[in-house]
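# Descriptive structure summary
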Amino acid sequence: MKSHLLAWSLIVCCCCSAQTTRNAMVVSAKKEASDIGAQVMKDGGNAFDAMIATQLALAVAYPYAGNISGGGFMVYRLANGQTGTLDFRETAPKAAHRDMFLDTNGNVIQGKSTETALSVGVPGSVAAIFDVHAAFGTIPIKKLFGPAILLARNGIVLSEKDIEHIRQNQADIIRLNGDKTLYAQGYQTGDVVKFHALAKTLERIAKYGRSEFYEGETAKKLIAFLNRKGGVMTVSDLKHYKTKWRDPIVFDYKDLRIVTMGPPSSGGVCLAQIFAMISPYDLRDLGHNSEKYVQLLTEAERRSYADRNHFLGDPDFTHVPVKQITEGEYLKQRMRSFSFDKATASSEVSHGNIAFSESDETTHYSIVDQFGNAVSVTTTLNGAYGSKIYCDELGFFLNNEMDDFSAKSGVPNYFGLTGSKANAIAPGKRMLSSMTPTIVEKDKQLYMVLGTPGGSTIITSVLQTILNVSEFGMGMQQAVDAKRLHHQWLPDIVLSEPGALTVEQVKSLTAKGYKIDERTFSIIGKVDAILIRPDGTKEAGADKRGNDAAAGF
Ligand code: DON
């Protein structure tokens, strides 16, 4: 790795600290991963080669969410303007069934869908790496595995944030894995952790290919491990896992064309709905994070998330009426009850109730290469370190993506999201997601590449970042830095990052019937984005809420 070279070609603006490059850029949750992705492009690879190397590097450097044992979505745009998506979402194992997380009285068993071997969905990330390579890769795949293997062998230096993540989750990790597990140790900032088991696993996958993970030694070890822990996944489940190339959701907002992820992610549909519902208003006139702006976004979000709950699920299992619920007249009707005078109660839109938990436990990376291709990937284990079940033999955490299904109609999941029949558990089905990797075009040219973790807050964080640039003229770093708000229909609460609203605004919104919560989340989303400026330079938006970093040349 020649990362010092990369640092030289990343220009930092002295007045606004925006980072720019001329040719290619990666923005991800970890400097190590961004450097590796950028180096691949410097060596002549394209954005897809860089995607593979970055995904693998994050699996090493950011085990909190980076993974080879989770899933995600990729939205891409080729230099010639062609767009598409890859769905590498996890699936429910064959032995999964609708009521698997319920007790005999039909009540949801606390923790069963989040921290047991039954919470693990059949992983899609390794399949994605090989499918992306087969479709678009230009560098031999073994070479693309190289930097991540080296990183795992040499180890990563733990940052303060890494230590914070480990400490927050260590008690659970030890409870689930015993005190001999890699993550049971008393790490300090600056310690180097080496991942020998993961390095070996990656080496085998690099050598034998996709089948190593889905049928080979890794598959057998993984399934034996999960079965010892009470799981039901089989080698046959792994063997039958397939990614899906799907058409993106594409819609226009004023002079922008937005290309984003469709079902089984709810991201694109909700984004299309919210943009359409706010489009009749002059947002610039309302003002960024003004009282009226917050009301408008909240009311559009409320209505969209109510639809999400009811209509959305895996399109291969349930009819998702995408066309009808993103259609102009339908959305106009949805906003008929909106007034700036007072909040619409979520109970008037529909009903339910719940609690939240803070989350930035997914990860997103954005890539633009020197040829003009763009890749936007959001990938996750779902919770922090997924299920927190760690396979020491193979060197990775397992996802707990099964919690994204609706275990029981109307009962909220980890992110407070409720669901209906459309998102009920079924064998082989993909659980509904909020992940929203997105690409924005302006005047038919590549304009933005963005996405974020944040569970249910992903969609609204992507929305606000696009609006910050397109409506309020912010640069990408400024747009990412700006304080965010969020509403998701249920619970009927406006979540606000501390400082997003003034004391007067909170008072006034409260008087209109909005419940403002500035305490539950200290951060909303962690956006990693790239803006293409009119002169072709790429500006990074690397979220300072984390250790996120840009690299490029
Ligand atoms: O697919 C989803 O919507 C969730 N599994 C994403 C989880 C997530 O973003 C966690 N981090 N905040």
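In case you missed it, the structure is sitting above this.
Here's a quick rundown of the structure. Because the structure is predicted, anything quoted here is derived from the model rather than measured. (Residues numbered from 1 in each chain as written. Predicted model: local features only at pLDDT ≥ 70, side-chain atom pairs only at ≥ 80, totals over all residues. Heavy atoms only, no water.)

### Comments concerning the site of the ligand
Let me state the cut-off plainly: Near is defined per residue: the residue qualifies when any heavy atom it owns lies within 4 Å of the molecule or strand. Any N or O atom pair separated by 3.5 Å or less is treated as a polar contact, with the protein-specific requirement of one donor-capable and one acceptor-capable atom, and with residues adjacent in sequence counted only for side-chain atom pairs. For accessible areas, the Shrake-Rupley method is used with a probe of radius 1.4 Å. Any residue's cover is judged against the shown protein chains and nothing else.
In the vicinity of the ligand lie 16 residues, with Glu361, Thr362, Asp404, Ser433 and Gly455 positioned nearest. A distance of 2.6 Å is found between an oxygen atom of the ligand and a side-chain nitrogen or oxygen belonging to serine 433. Within the complex, the protein chains bury 99% of what would otherwise be the 340 Å² of accessible surface of the ligand.

### Considerations on the environment of threonine 54
Rule in force here: Strands here mean DSSP runs of E at least two residues long; helices mean DSSP runs of H or I at least four residues long; both are numbered from the N terminus. Here the term buried applies to any residue with accessible area under 20% of the maximum for its type, exposed to any over 50%, and partly exposed to those in between, with areas from a 1.4 Å probe on protein chains only. We call two residues in contact when some of their heavy atoms are within 4.5 Å.
With respect to the element layout, threonine 54 can be found in helix H3 (residues 47-61). Exposure remark for threonine 54: the relative accessible area of 0% places this residue in the buried category. Taking the C-alpha atoms as reference points, threonine 54 and lysine 421, 367 residues apart in sequence, are found 36 Å from one another. When near neighbours in sequence (up to four residues on either side) are disregarded, threonine 54 contacts Val26, Ser28, Ala33, Gly37, Tyr365 and Ile367.

### Here's the deal with helix H9 (residues 217-228)
An α-helical turn contains 3.6 residues, so any two residues separated by three or four positions project in the same direction. Worth spelling out the cut-off: Here, expected helix span is obtained from the residue count minus one, scaled by 1.5 Å.
The end-to-end C-alpha separation of H9 is 17 Å, in line with the 16 Å expected for twelve residues at 1.5 Å each. Lining the buried residues of H9 we find helix H7 (196-208), helix H8 (210-214), helix H10 (235-239), strand E13 (390-391) and strand E14 (396-397). Where H9 terminates, the next one or two residues include glycine 230, which has phi positive at roughly 95°.

### Side note on the packing of aromatic side chains
How two aromatic rings sit relative to each other is given by the distance of their centres and the angle of their planes. Note the following rule: Pairing of aromatic rings covers Phe, Tyr and Trp, the last counted by its six-membered ring, and requires centre-to-centre distances within 6.5 Å; plane angles under 30 degrees mean stacked, over 60 mean edge-to-face, and any other angle means tilted. Criterion for a charge above a ring: Arg CZ or Lys NZ at most 6 Å from the ring centre, at most 35 degrees from the ring normal.
Within this structure, the stated rule accounts for 23 aromatic pairs. Consider the rings of tyrosine 214 and tyrosine 241, whose centres lie 6.1 Å apart with planes at 15°: the pair is stacked. Highlighted residues: tyrosine 214 in helix H8 and tyrosine 241 in the loop between H10 and strand E8 (244-246), separated in sequence by 27 residues. With centroids separated by 5.8 Å and ring planes inclined at 45°, the aromatic side chains of phenylalanine 251 and phenylalanine 275 adopt a geometry described as tilted. Note that phenylalanine 251 is positioned in strand E9 (residues 249-253) and phenylalanine 275 in helix H11 (residues 267-278), a separation of 24 residues in sequence. When its relative accessible area of 1% is taken as the criterion, phenylalanine 275 is described as buried. Connected via pairs of aromatic rings, a cluster forms that spans Tyr62, Tyr64, Tyr183, Tyr385, Tyr390 and Phe397. Taking the ring centre of tyrosine 214 as reference, the NZ or CZ of arginine 210 above it sits at 5.1 Å. Its guanidinium or amino end placed over the ring of phenylalanine 340, lysine 292 lies 5.3 Å from that ring's centre, counting from NZ or CZ.

### Section: the pattern of salt bridges
We apply this condition: Every case where a carboxyl oxygen of Asp or Glu lies within 4 Å of a side-chain nitrogen of Lys or Arg is listed as a salt bridge.
Per the stated rule, a full pass over the model turns up 36 salt bridges. The shortest N-O distance in the salt bridge between glutamate 401 and arginine 89 comes to 3.2 Å. Note that glutamate 401 is positioned in the loop between E14 and strand E15 (438-442) and arginine 89 in the loop between strand E5 (83-88) and helix H4 (125-136), a separation of 312 residues in sequence. On the accessibility criterion, glutamate 401 (0% relative accessible area) is buried. On the accessibility criterion, arginine 89 (0% relative accessible area) is buried. With a shortest N-O distance of 3.9 Å, aspartate 255 and lysine 442 are connected by a salt bridge. Taken together, the residues span a long stretch of sequence, with aspartate 255 in the loop between E9 and strand E10 (256-260) and lysine 442 in strand E15 at a distance of 187 residues. Accessibility expressed as a relative area gives 46% for aspartate 255, which makes it partly exposed. Via salt bridges that share partners, Asp87, Lys244, Arg246, Asp316 and Arg430 belong to a single interconnected network.

### What to know about the environment of proline 93
On the secondary structure map, proline 93 appears in the loop between E5 and H4. Its relative accessible area of 3% is what places proline 93 among the buried residues. As a C-alpha pair, proline 93 and isoleucine 325 span 232 residues in sequence and 30 Å in three-dimensional space. Excluding residues within four positions of it along the chain, proline 93 makes contact with Val120, Val122, Val232, Met233, Asp237, Met402, Pro427 and Gly428.

### Some details on unusual backbone geometry
Geometrically, the link from proline 263 to proline 264 is a cis peptide bond, its omega value of 15° lying close to zero. Here the residue pair leucine 490 and proline 491 is connected by a cis peptide bond, since its omega of 0° sits within 30 degrees of zero. Mapped onto the elements of the fold, proline 491 is located in the loop between strand E17 (485-486) and strand E18 (494-496).

### A look at the packing of H11 against helix H13 (residues 291-311)
Formally: Angular values range over 0 to 180 degrees, each being the angle between N-to-C directions of two axes fitted as lines to C-alpha atoms, with helices fitted over their stretch in contact. Put simply, a crossing is left-handed when the front helix is turned counterclockwise from the back one by less than a right angle, and right-handed when it is turned clockwise. Here the nonpolar group is Ala, Val, Leu, Ile, Met, Phe, Trp, Tyr, Cys and Pro; Asp, Glu, Lys and Arg are the charged ones; every other residue, Gly included, is treated as polar.
Where H11 meets H13, the axes come as close as 9 Å, and the angle between the chain directions of the two elements is 145°. Every pair of crossing elements has a handedness; the one defined by H11 and H13 is right-handed. Contacts between H11 and H13 pair Cys270, Gln273, Ile274, Met277 and Ile278 from the former with Leu296, Leu297, Ala300, Glu301, Arg303, Ser304, Asp307 and Arg308 from the latter. Here the contact of H11 with H13 is built from residues that sort into seven nonpolar, two polar and four charged.

### What about the environment of aspartate 285?
For aspartate 285, the position within the fold is in helix H12 (residues 283-286). Assessed through its relative accessible area of 63%, aspartate 285 is described here as exposed. Sequence separation between aspartate 285 and glutamate 471 is 186 residues; the distance between their C-alpha atoms is 9.7 Å.

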